[in-house]
Amino acid sequence: METRLNNDVETRLIASVRAPDELFGDFFLDVQLSRIFPDSKTFVDSVPRMAPEAILALYEAQKNKPDFYLKTFVNQHFTVPDSTTSGFESDPTMSTTDHIDRLWDVLTRAPDVPVEGSSRLPMPHPYVVPGGRFREIFYWDSYFTLLGLKQAGRHTLLRNMVDNFASLIDTYGFIPNGNRTYFLSRSQPPVFALMVKLLAEIDGPDALTRYLPQLQQEYNFWMKDAETSESRAITLEAGRVLNRYFDPTPRPRPEAYLKEIQLTEVANALGIDSPTLYRNLRAACESGWDFSSRWFSDGQTLVTTHTANILPVDLNCLLYLLEQTLQEAYQQCGHAEAARQYRTLAETRKTAIGQLFWNEHRGFYFDYDLLTRRQTVPLTLAAAFPLFVGLATPEQAEAVHNRLRESFLQPGGWVTTLIRSGEQWDFPNGWAPLQWIVYKGLMNYGFTETAGEGRDRWLALNDRVFRATGKMMEKYNVVEDTLTAGGGAYPNQDGFGWTNGVYLQLMHEKAADENP
């Protein structure tokens, strides 16, 4: 798809911006493999105190001396990050809403000052980070955070966030996973259109045309090179084009370096070569569901992740929404031909989603495996996305509703999948973004009672954990009567951006129900 409105922007990375593994070479390997930090993310988020070339020269000169200690050297030449919420003390006697209101300032960062050798991609405006070990913005997280900023009346900060994402598109040709150099090979679920539409609820419909160049470039990024094997766009039979998550980089992620190196031996024993493993793990991270049995070819084992071979139903629903948004934006600014083009593209994708992902016999939506040429087996909350974007028929929506209520609704809200794999995007965990997707999807089709029940259970769980711990969590165990959620490559995080945002949005919805 060609870019319109004189906005021909090729996806590009600034040549001088390099990820830490490329920037520091053998020194990076020595630090990550030495286990001097609790996880691999700590070092890649550390900020050099001098030019990287000078640090490398000092390292080469000192590393073989008998009194050399690697951790001491790193602490001397880097500013090592603390927890995002260091020094903040919550008060669990206050309401959850008041606690979140206090947290906005704690989680807000000032515009960045560029630092040579830092992995941070500078943001020109203030922004909100999730919390805990996540000291940068994350792409799809931020939409759900913005829901809360809108309800909290922090409209200037909301605009700043949208402008930051527009700046990333203008600078790099797409929105990276987050504002880090080590995220520059992948994106995340394309929710920029949802952000712009949310802002339009405050500033009026002109927001759509104001951000039209960036909306168009977002679409170009996802649709680029559909005829090649190194693309996120896949051309199917009859010329249909659908999308997958994909990262072509055949190396371990710098922020998870040690863990992914450790997975290599297990993968190789199963006949999975290392570059394939790394690409598929990266693709899973682009999905936002990192990690989940949804992506496992054997349904249970992380090393069998094959995300790049899967067409995800939720990704294609979000791109359907982006096509609709482009249609609306072009119509608004008087480009009728472009509007018609995107209306056709949206309708074509809608038809393909119904044909490829809907299973009439099972009454549910499933992902599609490009290798086996059939739908995948696991039932997941991704099936709610066709309801969220409004492309399901009433009959399909009713079938999805029935299965969701029967199998996914738990004492604390909606569980992500029905498989207990030990990974964090699986049973028994629930996540704030999916609570909102399911709630809104069910409301779109009139299933208000079930939507309200799931909402109220989630809010009650959030309140209960806050009263017990003083924290809002990244994820929750929605199945068992416990205060913790499990799985994943790091401890449960507190903060927490998207949990705060969805909590405030769902509280707003609850109040509207109770006081119509």
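Residues numbered from 1 in each chain as written. Predicted model: local features only at pLDDT ≥ 70, side-chain atom pairs only at ≥ 80, totals over all residues. Heavy atoms only, no water.

Undergrad: Describe helix H10 (residues 212-223), naming the residues involved and giving the relevant values.
TA: Relative to the 16 Å expected for 12 residues at 1.5 Å per residue, H10 spans 16 Å between its end C-alpha atoms, a close match to the ideal helical length. Most of H10 is tucked away, with 11 of its 12 residues classed as buried. Buried residues of H10: Leu212, Gln214, Leu215, Gln216, Gln217, Glu218, Tyr219, Asn220, Phe221, Trp222 and Met223, and no others. Of the residues flanking the end of H10, it is Asp225, one or two places downstream, whose phi is positive at about 60°. (Helix = DSSP H or I, 4+ residues; strand = E, 2+ residues; numbered from the N terminus. Expected span 1.5 Å × (residues − 1). Buried < 20%, exposed > 50% of the residue type's maximum accessible area, 1.4 Å probe, protein only.)

Undergrad: Requested: an account of the sheet that holds strand S7 (residues 310-311), with residues and values cited.
TA: Strand order across the open sheet formed by three strands is S7-S10-S11, with antiparallel pairing between neighbours. Unpaired on one side and paired on the other, S7 and strand S11 (374-375) mark the two borders of the sheet. Note that S7 and strand S10 (residues 368-369) share two bridges and pair antiparallel. Within S10, the residue paired with Ile310 across the bridge is Asp369. (Pairing = 2+ DSSP bridges.)

Undergrad: An account of the layout of surface pockets is requested, with residue identities and associated values reported.
TA: Empty space left among the atoms is revealed by rolling a probe the size of a water molecule over them. Roughly 600 Å³ of volume is contained in the second largest pocket. When contributions to the lining of the second largest pocket are tallied by element, the ones reaching two or more residues are helix H1 (20-34), helix H2 (40-44), strand S1 (47-48) and helix H3 (52-62). For the lining of the second largest pocket, the leading source of residues is H1, giving three residues. Broken down by class, the residue content of the lining of the second largest pocket amounts to 20 nonpolar, seven polar and eight charged. (1 Å grid on protein atoms, 1.4 Å probe; cavity = no way out; pocket = protein on both sides within 12 Å on 5 of 7 lines; lining within 4 Å. Points joined across faces, edges and corners; volume = space filled by probe spheres on them. Nonpolar A, V, L, I, M, F, W, Y, C, P; charged D, E, K, R; others polar.)

Undergrad: With reference to specific residues and values, describe the nonpolar core.
TA: Counting residues in hydrophobic clusters, the biggest one holds 163 residues, and the most contacted among them are Phe27, Phe192 and Tyr365. Here this core gets 11 residues from one element, more than from any other, and that element is helix H13 (residues 313-332). Leave out the neighbours within four places in its chain, and Tyr365 touches Val313, Phe357, Trp358, Ala383, Pro386, Leu387, Leu391, Ala392, Gln396 and Val400. (Core = buried A, V, L, I, M, F, W, Y, C linked by side-chain atoms within 4.5 Å. Contact = heavy atoms within 4.5 Å.)

Undergrad: I'd like a rundown of empty space enclosed by the protein, residues and numbers included.
TA: According to the stated counting rule, one finds one cavity of 30 Å³ or more in the structure shown. There is about 40 Å³ of room inside the largest cavity. In terms of lining residues, the largest cavity is bounded by Arg294, Val313, Tyr365, Phe366, Asp367, Thr376, Pro378, Thr380, Ala382 and Ala383. Across the lining of the largest cavity, the residue classes tally to six nonpolar, two polar and two charged.

Undergrad: Requested: an account of the packing of aromatic side chains, with residues and values cited.
TA: Using the criterion set out here, one finds 40 aromatic pairs in the structure. With a centroid separation of 5.4 Å and 75° between ring planes, the pair formed by Tyr219 and Tyr342 is classed as edge-to-face. Here the residue Tyr219 occupies a position in helix H10, and Tyr342 occupies one in helix H14 (residues 336-357), the gap between them amounting to 123 residues. On the accessibility criterion, Tyr219 (2% relative accessible area) is buried. On the accessibility criterion, Tyr342 (0% relative accessible area) is buried. (Phe/Tyr/Trp six-rings, centres within 6.5 Å; stacked < 30°, edge-to-face > 60°.)

Undergrad: Mind laying out the side chain of Asp21, listing which residues take part and the relevant values?
TA: Tracing the chain through its elements places Asp21 in helix H1. Relative accessible area serves as the criterion here: at 14%, Asp21 is assigned to the buried category. Separated by 3.4 Å, the side chains of Asp21 and Arg251 make a polar contact. Excluding residues that lie within four positions of it along the chain, Asp21 makes contacts with Phe28, Arg251 and Pro254. (Polar contact = N/O pair within 3.5 Å; in protein donor to acceptor, adjacent residues only side chain to side chain.)

Everything listed is a geometric property; what it means functionally is a separate question.
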